[in-house]
Structure formats: structure tokens, C-alpha cells
Amino acid sequence: MDSKEESSADQEGARERGLVYTWQAGCCSPAPERLPSWSGKTVLQAGLGVSHGVLLTDDGEVYSFGKLPWRVELEDAYINCPILEKALNGQHVVTVAAGSFHSGAVTEGGEVYMWGGNSAGQCAVAGQASVREPQPVCISDSEASHPLPIRILQLACGEEHTLALSLSREVWAWGSGCQLGLITSTFPVTKPQKVEYLAGRVVLQIACGASHSLALVQCLPIQDKKAVPERCNHCSQLLITMTDKEDHVIISDSHCCPLGVALADSHSESHIFCSSLETLEAKSVASSQGEDCQKTLTEDQMLAVAEYDAASVFSNSDGHEDSGISSPGNLLITDKMAMKQQLTGLPDLPLNEKPVDQQSEQRSQEEDYATCLPSPPGPDTSALNNLVVSCASAVGVRVAATYEAGASSLKKVMNFYGTVPDDTVSPPTGSSPGLDGLKDSREEQVKLESMQGKKSSSLVDIREEESEGVCRRLSLPGLLSQVSPRLLRKVGRAKMRTVTLTPTYSGEADALLPSLRTEVWSWGKGKEGQLGHGDVLPRLQPLCVKSLDGKEVIHLSAGGHHSLALTAKSQVYSWGSNTFGQLSHLCSPTTVPRLAKVCNDKSIWNIAAGPDYSLFLVDGEEFQPSLYYSGREERRESDVSSENSCLKDPTLLLNCSKLGYISSVAAGGSNCLVLVDKNIMGYIASLHELASMERQFYSKLSAIKSQVLRPLLGLDNLGAASMVQLLQEMASTFSKLCYLIGQHGASLTSFLQGLKEAKNLAILKHSSLFLESYTEYCASLTNFLVMGGFSLLAKPAVDFLSKNQALLQDLSETNEEAFPLVEVLNTLFFLPVRRLHNYARTLLKLATCFEVSSPEYQSLQDSSSCYETLAVHLSRKRKEAEYTLGFWKTFPGKMTDSLRKPERRLICESSNRGLSLQHAGRFSVNWFILFNDALVHAQFSTHHIFSLSTLWVEPVSEESGNMNGLRITTPEEQFILVSSTPQEKTKWLRSISQAVDQALKGASDLPPYGGSGNIQRQEPPISRSAKYTFYKDPRLKDATYDGRWLSGKPHGRGVLKWADGRMYSGMFRNGLEDGYGEYQVPSKTLNKSDHYVGYWKEGKMCGQGIYSYATGEVYEGSFQDNMRHGHGLLRSGKLTSTSPSMFIGQWVIDKKTGYGVFDDITRGEKYMGMWQDDLCQGNGVVVTQFGLYYEGAFNSNKMMGTGVLLSEDDTVYEGEFSDNWTLNGKGTLTLPNGDTIEGIFNGEWGSGIKITGTYFKPGLYDHEKDRPKTLPELLSRSHAQTLESLEFIPKHVGAFTLEKYDSIKKYLIKACDTPLHPLGKLVETLVAVYRMTYVGVGANRRLLQEAVREIKSYLKRIFQLIRFLFPDLPEEGSSIPLLVTETKGRRSFCSGKNYSRPDSPEPGYVVTSSGLLLPVLLPRLYPPLFMLYALDNEREEDVYWECVLRLNKQPDMALLSFLGVQKKFWPTKTCILGEHKKVLPNTKDACFASAVECLQQISTTFTPADKLKVIQQTFEEISQNVLEILHEDFLWSMDDLFPVFLYVVLRARIRNLGSEVHLIEDLMDPYLQHGEQGIMFTTLKACYYQIQHEKLT
């Protein structure tokens, strides 16, 4: 924490952090001193070598002190005042490390710098004995395709090697020796290499001893565990061995592979073949020589040694039958106390008796043994181990007897070899031969032990392993095959029962906090047993220290020849060299980790291992840390005691009340160092209190878990499976919370060694993790309580509870003797909730260390409030659970039992007659019970449950006479409750409202954190989302609705599912489907469903929609009352199916009625006409793909009555029909040449017709008489329209301008482009109908006039709609007055002068339906319409086109001459691509080229108005060309103009000119007929007819 975060009063205090104190190791009464002349900078980290040290300050600078022989001019000096490493200036260093004679640093960017001694390449520099100043070390992955620099997190330095931990949690090594863990024999290694053996694992921490290495590794997830192979990969020995003896079986899986045994400096191989006698002699010598050192042992410690040694002797005797030691079967002493008495009787081993401690420790060990045998195997144990564990639980008594019998034979062993007198041990001086002899004999002993260890697994204390539930070696009675079936059944049951307490952890917590699922791996030299594998063999590659599995190690420290491991339970395991007692225990052998005994009932939270001593940082009084020391001590000369001082118990080294609060310790060489913080404003003290309390809390939770919870789970007859499941859920959440607390304790331990910024506290930073874990645990605990869990536990657990009453009272902190055991259990499991108050109090204390205005104060205050709020909330939850439990006990019975659920809580009930049902019968019983999720109405033997999420409550108005009434509304019922008093009414109304509101909010277990969330709503919302299953409504019975509600009715968006598979998803209104929705109906016969998407009204399909039938049919159109009604399109089948067809038209009550078009794709027929009841009825037209055309009457789907039939060759029959294509009755047949037959016809068309009648041949001039009739018809049609438009006088309301007209046009274009707009939908539908009618079979030239009339009908009817939309729009034919500014002069095509002719109206200024709507409609309808024109004019156009092709073969001059164009209009020059060229006799396609190009654009336009504009522009282009030739104004006459225009038309080569002409003629505005554009169009039409009749010769 820096000065910015402190208040002004604390700025000075910020400097009182990270103070450095040092003293000489081994000193009996050390006096720690500050480093002289030190600038007082805050030190974050320190590292010590043999004779030097490095310091890291809070600003990222590195200082060195001590002997620095690698520095220039400082080779022999001792530097007391730390000097700055200037080579690191500009780099912000985050961590440092010191080896024996070298140092290292890691920068913020993950770069490594090394300096100091480099004799073994430990600084990663080749060819230099030392590195004077910090030099960067390049660490990169050579195997990667693009080698990137590896970023480093942590460094560890040994004597001749260095390890680095990368950001990706991989270990890199350099230097010399097997401690590198690399697969190489070439040393030194100066280029950092990856330790491949640990690849794929997450390494959390690394530590280096003098010649060995340690790594703390996160356990692999269970799914990543690989199957255990049968044999070792390296030495091919069996990993699991089973030895069958006469009366027992020995199963062992603790195979120790002698990896890397062939190191040059290891002499252990010479002892491999030693005999059993030598082994036992060596053991006896070792034990007798160390006898005096062991005089201070307590009885329990001696017992552990006795048990261990005896067990090892027995295992040795397994391999040596002739050793003379009796087998376990012959031993008589099986009682532990009897063995203690025998041990007490040994004359040479006096014991310090401590009866109370003995009993408590013995009891706890026995409990561990008893409770852990049936515990579940950990994830590391093999399947065989699981079986062994289970069998051991079944036959535990026999196994225990075997162990203890073995222990009791220790006396025989000792008496057999005798003892050594006291005076044989020489005084302990550093160089005394006696001490060296002791050390040598000890090494010898360790080596011999390790050799025997390869034959048996005697190196691990059996009792200790049993207590951890990992049985590596078990001696079972008889062969496994001889175990009785009853025994195996019992084994299986016990195993199933305990499966719940596997280590529970949260993946999220593991990502944010230190993991406790750890393993310790070691490698390097193991001469002193410092690797912890139970032998003294070196290891070339990392190997897991199996005995530390499950111990939750959080920190490692490696000394000269010993190792320390700190666990989350504040215990320390130590192994390796114990020459000076640096392991803090006297257990033998020291080649495996043993529990160090540092101080009683105090938790260790930091450790440091020196060359031959250890430092332990322990919680002292008032949470101030104390420092304990264990190891070599420097004796004063006056001290003449013969007792070997090197094996004393750990001593309290520093009373830190004067120094301050120690945050970390370092050990190295002959010096010790501590970093101390002064307690300014109580901030540091509060942090230490929080950390210490959390560690103690974790120890307590762990004790509850192992000593109470696991035995309870292991009991038989726990009741129903549901109760067992609730207990397991509670145990699981307890275990998860316990794990989180352990992680938090470890997190606080590392927090105290860092910057100590308040904002980085885990309970602030990750508060949600803690709040959720506590809430989750409390929820499962109250669920268990509500179901009477603790009462039900009392019966099967009565023996366990009564035996362990003192333990339970101690753990639950209850002192009353008469306290019921069930209540003790209750109190015990609610203990964790108390911790929340402690969090809140500590955070508040921390907040007071800051200014009120600072952000730190605010965040600490807010977090404190959160924890306090949760604590109060969870206490309330407990009271609710106890109140509910009381209710279940008060009202037992079948009905209440059926209502009893773990999550259900009672709010209130009406047994006090406070609430009754209105209009209830005189003798009726109505009992109302309000739970947190339902309102229950009970009557006699029946009851009904109303879910709160779909319940509405409101007070009945006073006007109705019910002063105290409450109206309850549910989806299918409504009733009124009458309360006895106004107070009862208020209570029930508030209770129900709050319960409904809480049920709707969900997540009721989480309190509203923060200020704003505490405001309760007065009443729950009327509109809400909920799920409900109907039980009464006949239409919806058993259907489930999930969606929005309003006052008891589905209202808004929702999903309704019926039991038969029907489903509706969409909008509801007042309980019925209303609005847009989707509906599915499964078909019983077919495998598919009917599917409807569209609009609904009052529960029925109504409006536009699409219905896809399971049969494959699709209807798209209007619905009414669930039936097809209105305009619609029905597609049946697909083109590949048997009967594809399509109908578009009118429907009435699910049947085709009215006008419709039916396209039978299979038969190639299309019907257009009237329908009734799904049948063709009335007038209609049929066209076929073979060219037949019928128009006439239909009856019951058949051609019946009078009609006209035309064939492809223009044969026409007009008369009576009796069936499809069947002539029957009077009629007239007209042949293509004009001949007619009148008479009676009988027969089917195309298969022979019987005719009785008269044949007529027309006269020579008959057709000429008829010819003039056609032209007047054409003319009269356009004249009639013109006259009609002149009959109406335009009426104007206001000034309707051209701008308004243009805006209407633009609006229409936009509206029609949007299918969502009604006009757009209308146009889209009309276009679909039109294309459906006139495409495919409908593309028949007979239908042209129909198609044109249909378009004109569209124009007329849509124009009426538009006038309705735009009332200002004048009627059709009205002209819009032009403003003066709008009347611009325009060049006439007849002369170059500007003129304005009022008698010729401008196009676009007269309001017409075609002018307004054709630009919108025609582009969409153009393809089918133009195709009909092309078919109708096919013969004419063929003649025209042949003429065009022939005339276009001539050059320009010849063609102009042929057409009679006057020579003055002939161009003499042409401009091609900007270049002027003279027109030659052979020039082609050059004259009037711009006019030709302009006319060709007529094919790219759609509307007649656009086509007329193209013709007008063509004339203007011709005039412009002629003006350039004549250089003077002139007036065109038609005689001059026509030949020129004819030339342009010929050169334009428009293929379907006839179709263009007829389309313009049919659809052009009538008022343009006699205007300028009308004259031009007439000229074009004349050209078209002229070309057809042109004589080509």
C-alpha cells in the first residue's frame, strides 16, 4: 500500500513498512539489528545466500549486501550498507532470489537478470567464473516454430543451479547437477532448458536447496488422470504387489523407482546386496547412538517411533524368514495401553509422562483411524486401492491388532541388541569425531533403510497414512477370495455411503485464489533423504512425493540438505537431514515427510529453511507473529552440559512485541533476516488478525469435516434416500465452503508478504465468491434442518454423539453439559455463519485507518455492510427454517407430509381461525397455509395448492360490505377470504403480497446488497411472467402456459403447450390467443405437424397467415374463425410430386368461392373464373399448354352450357358444351380460312366430332367489308375516354400544386416498395395473382385483352384508394395549375426557337391514374404483359424484322436515297469518338447515330410515358443534327420529317417494335393523344406499318 492510499496522518507510517532486521543464525539470544546506513526504503522481498543478500524495494530497485567477491574492488570486503545494482536502473523488478553464491531478479516484463558466482553455469553465462553485474538471460522455446521470449514469474536459486517458473507455469533450469531435472549428462547447462517431465502440469511454486529442487504442482483434474499402468515405465517392476502369507495377504502399491541411481557421487549402490543381518545391525547401532538425543521424547512420540520401527522390522522379516523375529501371529500383546506399559518399563528410555496430552492425542488418532478407514479413496488411488480401503474398513479390528502386535515386539528387538552407555557420546562440537561418527552412521542407516524400502513399503508410518485415508500397504486376513459375501456386501455399502466427501472445490475459486489441490515434486541429490521418497537415491527427473498428497501444501522451502512444506492447516512437514534437529521432530526415518512439532495450538504461517536450521513464523499473542528456530546452535564456552544441544525442541527465538509485525523471513548461510511492519493506526494489526482468524477458522472447519461430518456420513440406517441426499448436499456445500476458507487463508498469508494494499484483499476483490458460498451452504443447511435432519440423525448417531460429546461441545463452543446433542449439532453446523460478523467487523476496523473521503474507506465500508447484511439475512433464514420445522412437528399427518419440501418455508397459517372462506358452509373446515412458494387451501381430507407466481391478491372494496375481505385471483379460480379483524386482514394482505413478490423475484436466498435494493415493493406487479399448468379449463386441461400474465389471465407474449403435443407461441389477450402467433398441431397419421404462422383474434386464426399442412399443402392468405376466408393462395404438392397444383383467389368458410385462378401443373391446364364450394361454377376461362382456349359457362367443375373454344390454328367453335372439351348441341365452327359450319355438334374435341349442319364459304369481298370496322373501334375507344374526361369540370380545394403531386408520387413509390405497407401488400398480392394468371400455361395470346383490361381495372380501383388517402388529390383528368416560375421555355423540335404553347398540355401535369400508378405497377407486371404482346403480334413482327434486316445491309448514302430523304438533310461529316470524319458512299451506321442510340432506349423503359419521352428525345436529336448541317432555323414539314425518322427507326433495329407500339397505344394517357407526343407516336406507328409494306425492289 503506497502513500496515496494512506490518510495524511499515515504518510509517515507508510515508511514504517518492510524494515530489515538481521542477526546471526544459531545464536541463543539473538539481538536483531537494522541494516546500518540503510536509506529506510520499504523492502518487499529479501533473499540470502551463504554470505550475501539481495533486497527488493517497493519502487522496483535491487540492492545487494554482504560479501560480493564478483564485484570489482569489493572482492574481500563485507558490505554492511546495501548498494544499488545500477545495471538494473530503468527496469522495474518484481521479484528477487539468492543462491549460495549468486543472485537473480525478474522484471515487470518477465525478463530474468543473473549475477554473481558462475562456476557451474548457474548465471546462464558460458566461460565465465563469475558475472560482475546483472545480465539479462535469454529464455526462449527452441521447439516453437517462431521462438518467442518466455515471460518469467518466479526465480529460485540453489548452490550450482537456478530454476525459473514461467507465466505459462512451466519450469526452466540451468546450471549443473541432477537437480536441474533435465535429460542430459553434459554440464554446465548455460542455455535455459524446459523441465519436460513437468510439462502439461500447472506449477505453482519452485524452491531450490543446495543440491535438490522442489516444485509445488496443482493436481490434475480428475478427468485428466491417466490409468495406472501395471509396470513401472523405467525399471519394469510391478507397481502393485500382493504377497500371500499363511494367515494374511500383503498388498502394496508404494513402488519407488530408483530413477537416476547411477550418479557418480552416490555410493548407495554398494549396499544393495547387504544381508538382512547387516541391516538389522546397522539399525540397532543407529538407534543406540542416537539414544541420548532422544531422551526428551514424549511418550506419544516414542509410541510413533515404536510403531514405525516395528512395522519396518516385520516387513523386513517378510523377506527374511530366518531372521529370528517372531511373526505377528504369535504375539499376545494387542492392547495399546499394555504396550505403553511395556515401553515404560524399559530402563534406558525414560518417558516424560503427560497424561492429558496422551489421552487427547491418542483419542484424536484413534478417531482419525476409525473415521477415515471407510472414507472414500482420493482421486489418486487406484481401483485396487479402493477395494483394499473398503476391505480394510470391514476388517479394521484385525488389521489394527496386527499393527499393534507388531509394535509391541519392539522391546524384544531392543533387548536383543542391548543399549550403549551414556558416556560413549562425545561432547557436541563442530569438528568432533563423535558427531561426525553419528552423522556417518546415520547416513549409513538411511541408506540401509532405503534399500529395504525397495523390497517393502515400510518407510511410511502406517498409522499416519491410515489417518489420511490412503492405505498404501495393508495386511488383510487370508486371501481376498476367502472374504465372506456378507463382508463384501458390508464393504460395498460403506463405500457408497462415504462417496460424498470427496474434496469439493470451485473452479472459479481455483482461478482467483491459491489452489489447495497440490502435490509436491522433488528431484536432485537425495543423500540425506531431502527428496522425501523414502530413500537416499538421487533423482534425475521430478518425482511426486506421494505421502504429501491431500495434505494441501501451499508453500515450500528448501534448505541445505532438508526440505519444509507448509500446509493450509498451518502445519509443517519436514524431511531430509536432521543432524542439528532442523526438522523439528525426532521421527525416524527422515527420508519421508513428517509433521514438525513447533509449538502447541499455534498456527505456523511462514517458513524458511537455512543450510542447517529452520525458521517458523507463528501466530503469537494478540495475533502478533512470533519466530521459532530449530537447528544448529552456537554454544558458549561456559556451557559445559554434555547434552547434545543440536536436537532441542524448536525455541522461541524472537519476542516481536518490540520489533513490530514480521511479514516474512529469510534464511541463508550464517545469517537470518526478517521484514517487519510497524503497526500504524492499527492497519497492520487488523490485517494480521484477519489472516490469523481465517487460518484458525479453516482448522476448525477441517476438524468438523473430518471428525464429525465424515463419521456421520459413514453411518448406516440414515433413513430415506431423500434425507441422505439432503445430508450429502449439506456436506458437499460445507466442504466447498471449507475449501474456500482454506484458499482465503493461504491468500491472506501471501497478501501479508506483499504490498498489503487494501483494494487487493480477496474478500473485497472477490466478495461475490464468498457471499455466494455462504448463501449456498446456508440454503442446503436450512433445507436439511426443515426436513428434521438433525432429529433424524440423532437415532443412528446416538453412539457416536455420546462418545464424542466433549469433542462436539468443544468444536461448537457450547459449554453447557445439559445441552441436547441435537442442539449441539445444530449449533455446530451454523457456526460458519458467525464468521460473516467477524468479516464485517474487521473490514470496518480497516476502514477506520483511511480518510472518510478516500475510495478505500468507501469500498471497505460497503463490503463490511454487505457481509453484515448477509449475516443478518442468513440468521433470518435460520429462524424461518426453525419456525417451519416447528409447524411440521405441531401438525403431523399425511396432508402436511405431502406438503413438506426442503425449500418450502412457512410464512403464516390460519389455525387460529383468523381467516375463513366467504359463503362457506356451516360445518365446513377451511384452513389456509401460506408458504414462500404457494398458498394451500385445506378442507377436511383434500387440499389444493395455488402457486404464488400466478396468484393475485387485492382488498375487497368497502362498498361491497366486506370490511375485512381479500379477493384471491388465480388462473382458474377466484374466491374471497374474510379475516376476523382488520389487523388480521392487514397481516395476511402484507404477507401474501410480499410472498408473491419474493416468488416472482426468485433467488430469495440472496439479500438485496447495497442501499437501493432494500426498498420493498408495496404490492407485487399485476402484469408478470410465470409458468402454470391448467387443471380445470376444458379447452386448456393439462396444458402448460409460460409467459406474461395480467390479473390471472395470459396476456402478452407466451408459450402454451398441450398434453397432446399442440403448441402455440405468440401473443395473448385476456386469456386467449390474440395477435401474431405460431401454432403447431402434430399429425396422428403422418410423422409431421401442421404449422400455422399468422394472426389470431379471440383464440382463433383470424387475418393474414400461412398454414403449412402435414400433407405438404401450403395456404397463404386470409383466415376467419380458424377457417380459410377471404383472398388466399393454396399450393398443393411440388413439381416432383404426383399432383402439383396452385390456386389463388377467394375463399368463403374454408371453401373456394368467388373468383379464382387454378393452375393444374400436371395436366397443363389453367382455369380462371368463378367458384362455389370448391367447384368451378359460373363463367370462366381455361387455357392449356397445347394452345386450346375455352371461355364460357361451368357447372360442377365441368364445361356445361354455352362457350367459345379456340384452337392453336385459329379454329373457333362457339356453341353448347356438356362436359370438358365435349361439344353437345347447337354451335358454329369457324375454320382458319374463314369458312364456317353451323349445326348440331356432338363429340370430344380432338377425338372426332359428329356434325349435323350447314357449311358456309364467305364471298370474295366479305372480309374487306369488315375491315373498316376495326379502325373505328380503336379510335372510338380512345375518343370515348377523352370525351369522358371532358365531361367533368375539375374542382379544386385549395391550391394543389405540382410539388404536392410529386410528393404523392414519391410516397406511392416508397409505399409500394414496402410489403409491410397496406398499399405495398396490395400491390405485391396483385402482382402475384397477375403473374400466376399470365405466366406458364397462361401465356396465351387470347388473353392479351384480358390482361390489359385487368391492368386498367387495377389503375381505376387503386386510384380510388389513393384519393381516399389523399383527399386533396383532384379527380382523374384534372389539370394542375402551373406557376409562372414553373413555365419554362422549351425548344421546339420543329424549329430552334423557344415557345410555350398553352393549347398543348405538358405531360405529367394532368392528374391521371395511369400517370400516377403505372410507374409503380408496370415494372412489376411488364414481363408477362410484354410476352402476351409479343405472342399476339408474332406474325406482323416477323414480316417487319425481315424487312429491317434486308434494308440495313445498305450503306448510309444508299439507304437515305432509297427512303427519299432530301439531300440537304444528308450529313456530310460525322463525329466518331471525338474525331470528325467525312461521310463516304460506303460509310455505314454513322448518320444520325445519336438519334438512333436514343431510340434504342425505348426497350429499356416500362411505362408509356417513359417510352414517349424516348421518342420525343429522338426527334430532338434529329432536329439538332439537321440544325448543325443547315446552320439556320427551319420548320419541319411531315413530308421532310417522315423519311428521316424512318431511317432512324430502321437503323435502331428494335426487335419487338410492334409490341412496343401496341403497348403504348393501349395504355397511354388519352390527353396526350393529340398533343406533341401524340403526333410523334403516330409518326412512329406509321413508320412501323410502312416498313412492313415497303417494297424492297
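Residues numbered from 1 in each chain as written. Predicted model: local features only at pLDDT ≥ 70, side-chain atom pairs only at ≥ 80, totals over all residues. Heavy atoms only, no water.

**Q** Please explain the overall build of the protein chain as it appears in this structure.
**A** When its secondary structure is counted, the protein chain shows 35 helices and 62 strands. Taken over 1593 residues, the protein chain has a buried fraction of 50%. Counting contacts in the protein chain only where the partners sit at least 6 residues apart, residues at least 24 apart contribute 56% of the total. Accessible area of the protein chain: about 74800 Å², with a carbon and sulfur share of 53%. (Helix = DSSP H or I, 4+ residues; strand = E, 2+ residues; numbered from the N terminus. Buried < 20%, exposed > 50% of the residue type's maximum accessible area, 1.4 Å probe, protein only. Contact = heavy atoms within 4.5 Å. Areas by Shrake-Rupley, 256 points an atom, 1.4 Å probe, with all protein chains shown as cover.)

**Q** I'm lost on the sheet that holds strand S6 (residues 78-84) in this one. Help?
**A** Sheets are built from strands paired through backbone hydrogen bonds, the pairs being either parallel or antiparallel. Ordered by their spatial adjacency, 4 strands build an open sheet running S3-S4-S5-S6, and the pairing between neighbours is antiparallel. Here the strands that pair on one side only, and so sit at the sheet edges, are strand S3 (43-48) and S6. The mean inter-strand angle of the sheet, taken between neighbouring strand axes irrespective of direction, is 15°. Note: S3 against strand S4 (residues 52-57), 5 bridges, orientation antiparallel. Paired with Ala46 across the two strands is Leu55, which belongs to S4. (Pairing = 2+ DSSP bridges. Axes fitted to C-alpha atoms, helices over the stretch in contact; angles between N-to-C directions.)

**Q** Looking at this structure, how should I read the packing of aromatic side chains?
**A** Aromatic rings considered in pairs are described by the distance between their centres and by the relative angle of their planes. Scanning the entire structure with this criterion turns up 51 aromatic pairs. Taking the centre distance of 5.9 Å and the plane angle of 70° together, the rings of Phe1158 and Trp1171 count as edge-to-face. Residue Phe1158 is found in strand S50 (residues 1151-1160), and its partner Trp1171 is found in strand S51 (residues 1165-1172); the two are separated by 13 residues along the sequence. On the basis of relative accessibility, which here comes to 6%, the residue Trp1171 falls in the buried class. Positioned above the aromatic ring of Phe931, the side-chain terminus of Arg904 is 5.3 Å from the ring centre. (Phe/Tyr/Trp six-rings, centres within 6.5 Å; stacked < 30°, edge-to-face > 60°. Lys NZ or Arg CZ within 6 Å of the ring centre and 35° of its normal.)

**Q** When you look at a nonpolar patch on the surface in this model, what are you seeing that I'm missing?
**A** There is a patch of nonpolar side chains on the surface, built from Tyr1307, Phe1364 and Leu1365 and spanning about 350 Å² of accessible area. Along the chain, the position of Phe1364 falls in helix H27 (residues 1344-1365). (Patch = residues over 30% accessible without salt bridge, like charges linked within 9 Å, V, L, I, M, F, W, Y side chains within 5 Å. Salt bridge = Lys/Arg side-chain N within 4 Å of Asp/Glu carboxyl O.)

**Q** For this particular structure, what's the right way to read the nonpolar core?
**A** As a rule of thumb, nonpolar side chains are buried together in soluble globular proteins. Counting residues in each nonpolar core, the largest one holds 129 residues, and the members touching the most others are Leu615, Leu627 and Phe829. Examining the composition of this core, we find that 16 residues originate from one element, helix H13 (residues 721-752), more than from any other. Ignoring sequence-local partners within four residues, the contact set of Leu627 consists of Trp23, Leu615, Phe616, Leu617, Thr651, Leu652, Leu653, Leu654, Cys656, Ile662, Val665 and Val674. Grouped together as the second largest cluster of nonpolar side chains are 51 residues, Leu1308, Ala1311, Val1327 and Ile1376 included. (Core = buried A, V, L, I, M, F, W, Y, C linked by side-chain atoms within 4.5 Å.)

**Q** Would you take a moment to explain helix H23 (residues 982-1001) for this structure?
**A** A turn of α-helix holds 3.6 residues, and therefore any two residues three or four places apart point the same way. With 20 residues, H23 ought to run about 28 Å at 1.5 Å a step, and its terminal C-alpha atoms sit 28 Å apart, in line with that. Within the span of H23, buried status applies to Glu984, Lys985, Trp988, Ser991, Ile992, Ser993, Ala995, Val996 and Asp997. Remark: Gly1002 follows H23 within two positions and exhibits a positive phi of approximately 70°. (Expected span 1.5 Å × (residues − 1).)

**Q** What am I meant to see in the sheet that holds strand S22 (residues 553-558) here?
**A** Read from one edge of the open sheet, 4 strands run S22-S23-S24-S25, paired in antiparallel fashion. This sheet does not close on itself; its edge strands, each paired only once, are S22 and strand S25 (594-595). The pairing of S22 with strand S23 (residues 562-567) spans 5 bridges and is antiparallel. Each residue of the ladder has a partner; that of Ser557, found in S23, is Leu564.

**Q** Help me out: how do you make sense of the pattern of salt bridges in this one?
**A** Opposite charge on two side chains allows them to pair when their charged atoms are near. For the structure on display, the rule yields 41 salt bridges. Linking Arg201 and Glu519 is a salt bridge whose minimum nitrogen-to-oxygen distance equals 3.5 Å. Taken as a pair, Arg201 in the loop between strand S14 (189-194) and strand S15 (203-208) and Glu519 in strand S20 (residues 518-524) lie far apart in primary sequence, 318 residues in all. For Asp619, the salt bridge identified is with Arg695, shortest N-O distance 3.0 Å. Residue Asp619 is found in strand S27 (residues 613-619), and its partner Arg695 is found in helix H12 (residues 683-713); the two are separated by 76 residues along the sequence. Summarising the burial analysis for this pair, Asp619 and Arg695 share the class buried.

**Q** Teacher, can you tell me more about the packing of H12 against helix H18 (residues 805-812) here?
**A** The packing of two helices is summarised by the inter-axis angle and the distance between the axes. Relative to each other, H12 and H18 sit at 155°, their axes nearing to 11 Å. If you check the angle between H12 and H18, you find them roughly antiparallel. Both H12 and H18 take part in a crossing whose hand is left-handed. Packed against H12, whose contacting residues are Lys700, Ala703, Ile704, Gln707 and Val708, the element H18 presents Leu807, Leu808, Asp810 and Leu811 at the interface. Residue classes in the contact of H12 with H18 are distributed as 6 nonpolar, 1 polar and 2 charged. (Parallel < 35°, antiparallel > 145°, perpendicular 65-115°, else oblique. Left-handed = near helix turned anticlockwise from the far one by under 90°. Nonpolar A, V, L, I, M, F, W, Y, C, P; charged D, E, K, R; others polar.)

**Q** I'm lost on the environment of His766 in this one. Help?
**A** Residue placement: His766 occurs in the loop between helix H14 (762-765) and helix H15 (767-786). The class for His766 is buried, based on a relative accessible area of 16%. Separated by 254 residues in sequence, His766 and Leu512 place their C-alpha atoms 7.9 Å apart.

**Q** Just to check I follow, could you spell out unusual backbone geometry for this structure?
**A** Most peptide bonds take the trans configuration, and most residues that are not glycine carry a negative phi. For the bond running from Phe187 to Pro188, omega is 0°, close enough to zero to count as cis. Here Pro188 is to be found in the loop between strand S13 (171-175) and S14. Between Ser588 and the following residue, Pro589, the backbone shows a cis peptide bond with an omega angle of 0°. Looking at the secondary structure, you find Pro589 in the loop between strand S24 (572-576) and S25. With phi around 50°, Asp1173 is a residue other than glycine that occupies positive phi space. If you trace the backbone, Asp1173 turns up in the loop between S51 and strand S52 (1175-1184). The phi angle at Asp1210 is positive, at roughly 70°, despite the residue not being glycine. Tracing the sequence through the fold places Asp1210 in the loop between strand S54 (1198-1206) and strand S55 (1212-1219). You can call Asp1210 partly exposed: its relative accessible area is 24%.

**Q** What am I meant to see in the confidence of the model for the protein chain here?
**A** Low-pLDDT portions of the prediction should not be read for the details of their coordinates. Mean pLDDT over the protein chain works out to 77, with 73% of the residues at or above the 70 mark. Contacts from residues 260-439, a stretch scored under 50 in pLDDT, to residues over four places away or in other chains number 248 contacts. Low confidence marks residues 640-646, where pLDDT is under 50. Its contacts with residues over four positions away, or in another chain, come to 13 contacts. (pLDDT = per-residue confidence, 0-100.)

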